[in-house]
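Here are the chains, one letter per residue:
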Amino acid sequence: PSIPISIEIDQEAAAQKLKIGVYFATWWALNVVFNIYNKKVLNAFPFPWLTSTLSLAAGSVIMLVSWATRIAEAPETDVQFWKTLFPVALAHTIGHVAATVSMSKVAVSFTHIIKSGEPAFSVLVSRFLMGETFPMPVYLSLLPIIGGCALSAATELNFNLTGFMGAMVSNLAFVFRNIFSKRGMMKGKSVGGMNYYACLSMLSLLILTPFAIAVEGPQLWAVGWQNAVSQIGPNFIWWVVAQSVFYHLYNQVSYMSLNEISPLTFSIGNTMKRISVIVASIIIFQTPLQPINALGAAIAISGTFLYSQAKQ
Ligand code: 3PG
């Protein structure tokens, strides 16, 4: 009688693996498309504050329409939920706009190489600001992460300080986003991955809009838009739509998969996502890359795998 039970367990495990595989493949594919269109838009229309705002706006509209038409069920939220979401949304907004500013200044691959250093920020913040300690192998895994990112940055052909700092600020902000969202999940109403990300987009949109207007503003946007349309043609609008919609979709899928997997599996998936983006963007944008630069990226990425193992 034990044989059918074990077959059932095997089938369940296989189905779960398949489901996670599908989530991951979708997440990476959507992310690659977002990164390509985002950079194409930024090359012709260098207004990262507006494009970041539009990404959040697209997500908010998609979700409001989905709720209104009952394609998705609207979440039940309370004041406590929005209060605990606020710091998460603030960190999400900062991390998002900083990464987009970075990508407007440097190659997409370079931004993502620096962003592969996020685990190092996570350990340093947890250690020095939260007083959490880690086993020695975790600290040791930071050496290749930090060393690899530093090597890549030092040998980057088109290094730009704003681009570098943007990616670093994004890393720091996303570490806080993760810490705040973990804390928030203990309090208030619980909301599933898709709706949690929808609420996060809406609150972030409210936070970001006044800053985008203050930093760039409608006058610059209007001139920039005309330039972009005269350079690219009327299809430019579809590039903007693509970058905005795909930003929402990849994040939505990643938050949905968070419900299904451990944070460890998630962070391995995230690192593999960066590899797909780095490789795809180097090919598509024909980014010049020195071997030493690629070596730095490979060391940093191997470090994030070692970190995942050490954390386990
Ligand atoms: C953004 O614009 O928010 C960043 O590109 C997102 O970075 P991620 O790859 O960590 O989601």
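Just so we're clear, the structure is a prediction, and the values are computed from it rather than from any experiment.

What counts and how
Residues numbered from 1 in each chain as written. Predicted model: local features only at pLDDT ≥ 70, side-chain atom pairs only at ≥ 80, totals over all residues. Helix = DSSP H or I, 4+ residues; strand = E, 2+ residues; numbered from the N terminus. Buried ≥ 20, exposed ≤ 12 C-beta atoms within 10 Å, placed from the backbone. Contact = placed C-beta atoms within 7 Å. Near = placed C-beta within 6 Å. Nonpolar A, V, L, I, M, F, W, Y, C, P; charged D, E, K, R; others polar. Axes fitted to C-alpha atoms, helices over the stretch in contact; angles between N-to-C directions. Parallel < 35°, antiparallel > 145°, perpendicular 65-115°, else oblique. Left-handed = near helix turned anticlockwise from the far one by under 90°. pLDDT = per-residue confidence, 0-100. Core = buried A, V, L, I, M, F, W, Y, C linked by C-beta atoms within 7 Å.

### Quick look at the overall build of the chain
Check the secondary structure of the chain and you find twelve helices and zero strands. Secondary structure elements of the chain occur, N-terminal to C-terminal, as α-α-α-α-α-α-α-α-α-α-α-α. In terms of principal-axis extent, the alpha carbons of the chain reach across some 70 × 50 × 40 Å. Looking at the chain as a whole, 41% of its 312 residues are labelled buried. In the chain, the share of contacts with a sequence separation of at least 24, taken over all contacts with a separation of at least 6, comes to 92%.

### Quick notes on the site of the ligand
The local shell around the ligand consists of Gly-95, His-96, Ala-99, Thr-100, Lys-115 and Phe-174. The dominant element in the shell around the ligand, judged by the number of residues it contributes, is helix α3 (residues 79–105), at four residues. For the shell around the ligand, the per-class residue count stands at two nonpolar, three polar and one charged.

### Looking at unusual backbone geometry
In this structure, Arg-70 is a non-glycine residue whose phi angle is positive, near 65 degrees. Tracing the chain through its elements places Arg-70 in the loop between α2 (48–68) and α3. We classify Arg-70 as exposed; it has 8 C-beta atoms within 10 Å. With a phi close to 50 degrees, Gln-286 is a non-glycine residue in the positive phi region. Note that Gln-286 resides in the loop between α11 (263–285) and α12 (291–311). The exposed category is assigned to Gln-286, around which 8 C-beta atoms lie within 10 Å.

### Concerning helix α4 (residues 108–115)
Judged by how many residues are buried, α4 sits mostly within the fold: eight of eight residues are covered. Buried residues of α4: Val-108, Ser-109, Phe-110, Thr-111, His-112, Ile-113, Ile-114 and Lys-115, and no others.

### Remarks on the packing of α4 against α11
It is the contact of α4 with α11, at a shortest axis distance of 8 Å, that shows an interaxial angle of 160 degrees. For the element pair α4 / α11, the angle class is roughly antiparallel. Here α4 and α11 pass one another in a crossing that is left-handed. On the side of α4, the interface is formed by Val-108, Ser-109, His-112, Ile-113 and Lys-115, while α11 contributes Arg-274, Val-277, Ile-278, Ser-281, Ile-282 and Phe-285. Taken together, the residues of the contact of α4 with α11 break down into six nonpolar, three polar and two charged.

### Notes on the environment of Ser-60
Note on placement: Ser-60 falls in helix α2. Sequence-wise, Ser-60 and Val-241 are 181 residues apart; in three dimensions their C-alpha atoms are separated by 13 Å. Ser-60 has contacts with Ser-201, Met-202 and Leu-205, leaving out every residue within four places of it along the chain.

### Quick notes on the environment of Asn-160
Relative to the assigned elements, Asn-160 resides in the loop between α6 (136–154) and α7 (161–184). C-alpha of Asn-160 to C-alpha of Ala-214: the two residues are 54 residues apart in sequence and 24 Å apart in space. If sequence neighbours within four positions are ignored, Asn-160 has contacts with Lys-105 and Val-106.

### Observations concerning the confidence of the model for the chain
Taken residue by residue, the chain gives an average pLDDT of 92. The fraction at 70 or more is 97%. Interface confidence in the predicted complex, given as ipTM, is 0.93; pTM for the same model is 0.92.

### Focus: the nonpolar core
Within soluble globular proteins, side chains that are nonpolar generally end up buried alongside one another. Core analysis: the biggest nonpolar cluster contains 69 residues, and Leu-30, Ile-113, Leu-200, Phe-246 and Tyr-250 have the highest contact counts within it. Ranked by residues supplied to this core, first place goes to α3 with ten residues. Non-local contacts of Leu-30, meaning those with residues more than four positions away in its chain, are made with Phe-246, Leu-249, Tyr-250 and Val-253.

### Some points on the packing of α3 against helix α8 (residues 193–215)
It is the contact of α3 with α8, at a shortest axis distance of 8 Å, that shows an interaxial angle of 70 degrees. Our classification of the angle between α3 and α8 gives roughly perpendicular. Crossing angle aside, the handedness with which α3 passes α8 is right-handed. Contacts from Leu-85, Phe-86, Val-88, Ala-89, Leu-90, His-92, Thr-93 and Val-97 in α3 reach Cys-199, Leu-200, Leu-203, Ser-204, Ile-207 and Leu-208 in α8.

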